[in-house]
Amino acid sequence: MACRGGCCSSAGRLNADNARFLLLAVLIVLYMLCGAAVFSAIELPTEREAKERWEERLENFTRRHNLSRAELRHFLREYEAASVAGIRVDDIRPRWDFTGAFYFVGTVVSTIGE
């Protein structure tokens, strides 16, 4: 079926608004790519050094306490899950007591906007 009138004649063309939007989108993506490259170049070496130090500490700990790496990693995963759930090692006030919950609600309410 052939297209008659002006309905399909502008389908291949880009009007000024669409061109501006497309240019803005491309610029934002380029800006994000450059930002990612900068942050990666700055942070990746530090992260690798920290990872090496952590692996060395794990090795020393397992050797000193006669544990297998698998046992220690399992324990650390359990600790991480407890920490994410809000369980703390120290006997300080609970994270979700009334004042902590009030602080959280205040933070949520203050960051919601138009």
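Keep in mind it's a predicted model, so treat the numbers as computed, not measured. (Residues numbered from 1 in each chain as written. Predicted model: local features only at pLDDT ≥ 70, side-chain atom pairs only at ≥ 80, totals over all residues. Heavy atoms only, no water.)

**Some thoughts on the overall build of the chain**
Here is the rule: A run of H or I in DSSP counts as a helix once it spans at least four residues, and a run of E counts as a strand once it spans at least two, with each numbered from the N terminus. Exposed residues in this analysis have more than 50% of their type's maximum accessible area, buried residues have under 20%, and partly exposed residues fall in between, with area computed by a 1.4 Å probe over protein chains only.
When you go through the chain residue by residue, the secondary structure sums to 3 helices and 0 strands. If you list the helices and strands of the chain from N to C, you get α-α-α. Here the chain holds 114 residues, and the buried ones make up 4% of them.

**Description of the packing of helix H1 (residues 16–64) against helix H2 (residues 69–84)**
Between two packed helices, what matters for the description is the angle formed by their axes and the separation of those axes. Just so we agree on the cut-off: Axes here refer to lines fitted to C-alpha atoms; in helices the fit is confined to the stretch in contact. Angles between the N-to-C directions go from 0 to 180 degrees. Less than a right angle of anticlockwise turn of the near helix away from the far helix marks a crossing as left-handed, whereas a clockwise turn marks it as right-handed. What makes two residues a contact is simply this: any of their non-hydrogen atoms within 4.5 Å. Gly is put with the polar residues, along with every residue not named as nonpolar or charged; the nonpolar set is Ala, Val, Leu, Ile, Met, Phe, Trp, Tyr, Cys and Pro, and the charged set is Asp, Glu, Lys and Arg.
Axis separation between H1 and H2 bottoms out at 10 Å; the angle between their running directions is 115 degrees. Relative to H2, the crossing made by H1 is right-handed. Contacts between H1 and H2 pair Trp54, Glu55, Leu58, Glu59, Phe61 and Thr62 from the former with Arg69, Leu72, Arg73 and Leu76 from the latter. Of the residues that constitute the contact of H1 with H2, the class distribution is 5 nonpolar, 1 polar and 4 charged.

**Brief notes about the UniProt feature "transmembrane region" (unreviewed entry) in the chain**
Short version of the rule: UniProt positions are given in the numbering used here, feature names are shortened, and annotations may be inferred rather than shown by experiment.
In the numbering used here, UniProt assigns the "transmembrane region" (unreviewed entry) feature to residues 21–42. Annotated as residues 21–42, this span is 100% helix and 0% strand, and its ends, taken at the C-alpha atoms, are 31 Å apart.

**Things to note about the UniProt feature "coiled-coil region" (unreviewed entry) in the chain**
As recorded in UniProt, the feature "coiled-coil region" (unreviewed entry) lies at residues 44–71. Segment residues 44–71 splits into 86% helix and 0% strand. End C-alpha atoms: 29 Å apart.

**Some remarks on the environment of Leu58**
Tracing the sequence through the fold places Leu58 in helix H1. On the accessibility criterion, Leu58 (4% relative accessible area) is buried. Between the alpha carbons of Leu58 and Leu72 there is a distance of 8.2 Å; along the sequence they are 14 residues apart. Those residues in contact with Leu58, other than ones at most four positions away along the chain, are Arg69, Leu72, Arg73 and Leu76.

**Re the side chain of Thr62**
Structurally, the position occupied by Thr62 is in helix H1. Classification of Thr62 by relative accessible area gives buried; the value is 5%. In contact with Thr62, not counting residues within four places along its chain, are Leu67, Ser68, Arg69 and Leu72.

**What to know about the pattern of salt bridges**
The following threshold applies: A pair is scored as a salt bridge if a Lys or Arg side-chain nitrogen falls within 4 Å of a carboxyl oxygen belonging to Asp or Glu.
Inspection of every chain in the model, using the stated rule, returns 5 salt bridges. Here Lys51 makes a salt bridge to Glu55, at a shortest N to O gap of 3.3 Å. Taken as a pair, Lys51 and Glu55 lie in helix H1 at a separation of 4 residues, close to a single helical turn. Of the charged contacts, one joins Glu55 and Arg69 as a salt bridge, the two residues approaching to 2.4 Å between their closest N and O atoms. Separated by 14 residues along the polypeptide, Glu55 in helix H1 and Arg69 in helix H2 bring together distant segments of the chain. In this structure Glu55 comes out as partly exposed when scored by relative accessible area, which is 23%. Look at the salt bridges and you will find they share partners, linking Lys51, Glu55, Glu59, Arg69 and Arg73 into a network.

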